[in-house]
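In case you want the letters, here they are:
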Amino acid sequence: MNKMKNFKRRFSLSVPRTETIEESLTEFTEQFNQLNNQRNEDLAQGHLQLAQLGREVAADGSPVSPPEGQGRSPVAAVRYRNHGQRRCSMEDVSRRLSLPMDIRLPPEFLQKLQMESLELPKPLSRMSRRASLSDIGFGKLETYIKLDKLGEGTYATVFKGRSKLTENLVALKEIRLEHEEGAPCTAIREVSLLKNLKHANIVTLHDIIHTERCLTLVFEYLDNDLKQYLENCGNLMSVHNVKIFMFQLLRGLAYCHGRKILHRDLKPQNLLINERGELKLADFGLARAKSVPTKTYSNEVVTLWYRPPDVLLGSTEYSTPIDMWGVGCIHYEMVTGRPMFPGSTVKEELHLIFRLLGTPTEDTWPGITSNEEFKAYNFSQYRAQPLINHAPRLDSEGVDLLTNLLLYRAKGRISAQAALQHPYFRSLGERVHLLPDTASIFSLKEIQLQRDPGHRGSAFPHSARGKNRRQSIF
Amino acid sequence: RRRAGGAAALRSAGAPAAPLGAARGARHGGGAWGRGRRRRRGESAQELQAFRDYGESWYRSRKGLESRFQPREPLARQPQVTAEARCKLVSWLIPVHRHFGLSLEALCLAVNILDRFLATTPVAADCFQLLGVTALLIACKQVEVHPPSVKELLALCCDVFTRQQLRNLECIVLHRLDFDLAAPTVSFFLEHFSQVRLEARGADAGEAADARSLAAGVAELSLADYAFTKYAPSLLAASSLGLADRLLRHRSPLDLRISGYPEGLLRDCMDQLQLLVCLNGRSLSLLLPSEVAQKCPWLGDDR
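Residues numbered from 1 in each chain as written. Chains lettered and ligands numbered in written order. Predicted model: local features only at pLDDT ≥ 70, side-chain atom pairs only at ≥ 80, totals over all residues. Heavy atoms only, no water.

### What to know about the overall build of chain A
Here comes step 1: Along its length, chain A carries 17 helices and eight strands.
Here comes step 2: When each of the 474 residues of chain A is scored for burial, the buried share is 51%.
Here comes step 3: Entry remark: accessible area of chain A is about 22600 Å², with carbon and sulfur atoms responsible for 51%. (Helix = DSSP H or I, 4+ residues; strand = E, 2+ residues; numbered from the N terminus. Buried < 20%, exposed > 50% of the residue type's maximum accessible area, 1.4 Å probe, protein only. Areas by Shrake-Rupley, 256 points an atom, 1.4 Å probe, with all protein chains shown as cover.)

Structure (structure tokens):
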């Protein structure tokens with residue numbers, strides 16, 4: 001009996017073992033074999049006895065009993081019935097763990113905790129590397145000079161800045177950490193995701209500065225985003241440049257998707273472009289959120305223009321095809337110079353989509369006719385219009401790519417990785433597929449931007465600054 | 001008569017003795033089962049397509065990050081926190097994460113954050129529980145749509161800690177870990193290996209699903225045991241699946257060679273897991289969906 005108690009108290013392999021465990025293992029194996037043999041016999045005789053036994057096993061003291069009034073699945077009901085007499089109370093889960101040393105909580109324990117840790121010899125080499133980086137100025141706010149304010153929102157303020165170390169321009173994103181709920185999710189996601197992403201078509205996070213109430217992210221600075229770029233060239237881009245931008249967008253996206261990271265909020269404002277014409281994905285704050293965001297960092301209403309119809313109709317599915325729809329919309333916008341579906345409400349957005357691509361049917365979108373939201377909108381039956389009529393500057397390969405991006409059936413949409421191999425990009429040559437992740441597409445001499453026909457004044461936006469400008473731009 | 005596996009071990013180590021969930025109801029319109037678990041059962045065509053497009057690449061990238069995120073002897077430098085205390089804490093976090101309907105992924109991340117923080121900073125025993133909920137909060141902010149609120153988490157600790165303390169500790173943890181939070185988890189690898197298995201020709205979908213459920217329970221259990229912090233998540237995932245197949249006597253078990261680990265290493269990890277299962281049969285049966293628990297009568301039915 002005593003031995004039994006002793007055994008019961010053992011919870012883990014981490015505590016010193018006695019032979020009881022070895023015994024129990026043997027016994028377990030025996031019992032396991034016995035039961036299995038028995039089960040086979042029972043099964044042979046058509047008995048269901050063991051299933052019953054299993055049910056009872058799960059019944060008592062289950063930590064996962066269904067809440068009242070919910071989860072009345074047959075499975076849950078079975079379990080619930082069997083331990084109906086056990087009421088669950090909040091106390092069961094909410095409790096102060098009685099840990100080995102149950103001293104009263106000293107009010108200054110957090111400070112103490114911080115102090116102690118400073119004296120601890122740094123165990124990790126990464127730590128010491130960080131220390132040496134900080135000697136030269138990384139991780140310190142005084143390393144960066146704040147210039148103009150670029151924007152402000154509820155969580156973050158963005159400044160243009162300059163690094164004293166490199167003299168380079170940077171974007172400083174200051175995030176306030178003092179909120180009811182602590183550090184904002186968006187900040188945590190953005191930083192932890194970007195730290196693992198090193199790619200020529202993804203904005204580089206240079207440095208993170210953690211002060212008491214504030215987190216400052218130091219990004220590389222890019223003058224333009226795609227929206228401004230389109231405005232600067234009078235919404236008339238060279239179709240060759242469209243192709244180069246598309247390729248870069250897909251390259252960055254394929255890299256993210258290959259790491260199970262979704263962007264979720266692709267739009268021209270989030271695609272930054274520098275003087276060389278390098279395009280980089282930015283604003284990853286929402287990347288992991290599964291819910292459809294309605295407000296941004298800066299508290300602007302999120303645009304619906306690039307959102308796929310499945311999401312507009314309430315789908316909470318969450319996978320890589322979700323980004324591909326937006327890529328199609330952006331492709332169209334670059335080629336035609338106007339947004340593809342500029343709806344201001346969900347209904348208007350869907351209406352614009354269906355008017356151009358046709359109201360979905362069971363053929364184009366299996367299951368759609370049983371979608372309650374779709375039925376409730378009661379859209380008229382539009383027939384699909386040929387895309388070429390709306391984007392006449394696009395060649396037939398381009399139209400084919402666009403068609404494959406703008407499919408109603410999410411799983412049918414072409415993936416970013418596959419899209420890079422699309423014949424539309426054949427004219428860029430073979431070498432674009434062999435680039436290392438961090439190499440810019442412009443490191444290949446055959447890849448050069450052309451002059452955008454709609455561009456007024458100088459050859460390229462911001463070319464007045466000139467000295468980094470590539471000859472090839474002209 | 002003494003019954004193996006009936007020790008209700010994790011329970012005696014500090015997990016609540018009674019079921020959770022009923023008192024509070026489910027937060028997000030789901031049952032007491034985590035969303036992750038339910039989602040897994042009704043795997044969508046869209047996710048399957050994404051796996052076909054990128055599964056291999058996801059695996060390679062996570063595998064590449066594994067060693068960077070592996071905690072190394074997290075308790076070696078802790079003056080007060082012991083393996084037993086860690087077990088208590090994690091055994092408490094297990095029902096807590098289920099209570100909120102959180103995914104196994106979130107739980108794994110929380111434990112990873114906890115361990116890596118412990119490896120860098122000595123923690124007083126009396127704020128260890130606060131560290132536990134803080135790690136859970138950070139993990140949820142990363143991967144869940146609706147992280148539990150600070151208020152809810154504090155209430156779970158009987159309000160012995162204040163909001164300000166939790167927020168301070170959150171800042172310290174984020175700073176200490178330098179925002180390196182995207183650790184590869186056992187949950188990811190379980191999903192991956194199971195998906196690969198399903199894609200193979202002649203796959204038995206039923207067996208694959210059962211093995212995945214049982215292995216998820218085993219892996220969840222192993223989080224609470226300090227001895228398993230030395231195993232990489234991909235090794236734990238492969239071994240849990242191997243053990244599950246063995247325990248369920250599957251006809252077409254997962255070919256463990258896809259994990260790339262040598263047989264000896266897999267066998268060692270599987271043996272340790274089997275020992276864990278045998279010590280915690282009752283607790284494990286409570287972690288499993290009932291249809292899977294029914295197939296595991298050897299988990300022990302003593303009470």
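There is more to say, and it comes next.
### Quick notes on the confidence of the model for chain A
Detailed reading of the predicted coordinates is not advisable wherever pLDDT is low.
Residue and element names in this part refer to chain A.
Here comes step 1: Predicted confidence across chain A gives a mean pLDDT of 74, with 63% of residues reaching 70 or more.
Here comes step 2: Counting interchain partners and residues more than four positions distant, the pLDDT-below-50 stretch residues 1-20 has 39 contacts.
Here comes step 3: Contacts for the low-pLDDT stretch residues 42-91, under 50 throughout, to residues beyond four places or in other chains number 98 contacts. (pLDDT = per-residue confidence, 0-100. Contact = heavy atoms within 4.5 Å.)

### Some details on the pairing of strand β2 (residues 156-163) of chain A
Residues and elements named next belong to chain A.
Here comes step 1: Of all the eight residues making up β2, six are buried; the element is thus mostly covered by neighbouring parts of the structure.
Here comes step 2: One ladder, built from six bridges, connects strand β1 (residues 144-152) with β2; its direction is antiparallel. Pairing of Glu 152 across the sheet is with Thr 157, part of β2.
Here comes step 3: As defined by bridge partners, β2 adjoins strand β3 (residues 169-176) across seven bridges and the pair is classed as antiparallel. Directly across from Ala 156, in β3, lies its bridge partner Ile 175.
Here comes step 4: Counted between consecutive antiparallel strands, the loop separating β2 from β3 contains five residues, among which Glu 167 sits at a positive phi close to 65°. (Pairing = 2+ DSSP bridges.)

### Concerning the sheet that holds strand β7 (residues 271-273) of chain A
Residue and element names in this part refer to chain A.
Here comes step 1: In space, the three strands of this open sheet follow the order β6-β7-β8, with antiparallel pairing throughout. Lying at the two open borders of the sheet, with one neighbouring strand each, are β6 (224-225) and β8 (279-281).
Here comes step 2: Where β7 lies against β8, three bridges are found, and the strand directions are antiparallel. Residue pairing across strands places Leu 272 opposite Lys 280, the latter belonging to β8.
Here comes step 3: The strands that helix α10 (residues 239-257) touches are β7 and β8; relative to β8, the one it contacts most, it runs at about 30°. (Axes fitted to C-alpha atoms, helices over the stretch in contact; angles between N-to-C directions.)

### Description of unusual backbone geometry
Leave glycine aside and you will find that most residues have negative phi; peptide bonds, for their part, are mostly trans.
Here comes step 1: Positive phi, normally seen in glycine, also occurs at A:Asn235, with a value near 60°.
Here comes step 2: Tracing the backbone shows A:Asn235 in the loop between α9 (226-232) and α10.
Here comes step 3: Residue class for A:Asn235 comes out partly exposed when judged on its relative accessible area of 34%.
Here comes step 4: A positive phi angle, near 55°, is found at B:Asp159, a position not held by glycine.
Here comes step 5: When you line up the elements, B:Asp159 lands in the loop between α7 (150-156) and α8 (163-176).

### Here's the deal with the nonpolar core
Here comes step 1: Grouped together as the largest cluster of nonpolar side chains are 196 residues, with contacts concentrated most on A:Met246 and B:Leu214.
Here comes step 2: Discounting chain neighbours no more than four positions away, the residues touching B:Leu214 are B:Ala244, B:Leu247, B:Leu248, B:Leu284, B:Leu288, B:Val292, B:Cys296 and B:Trp298.
Here comes step 3: Formed by six residues, the second largest nonpolar core is a distinct cluster that contains A:Tyr144, A:Phe159, A:Val170 and A:Val218. (Core = buried A, V, L, I, M, F, W, Y, C linked by side-chain atoms within 4.5 Å.)

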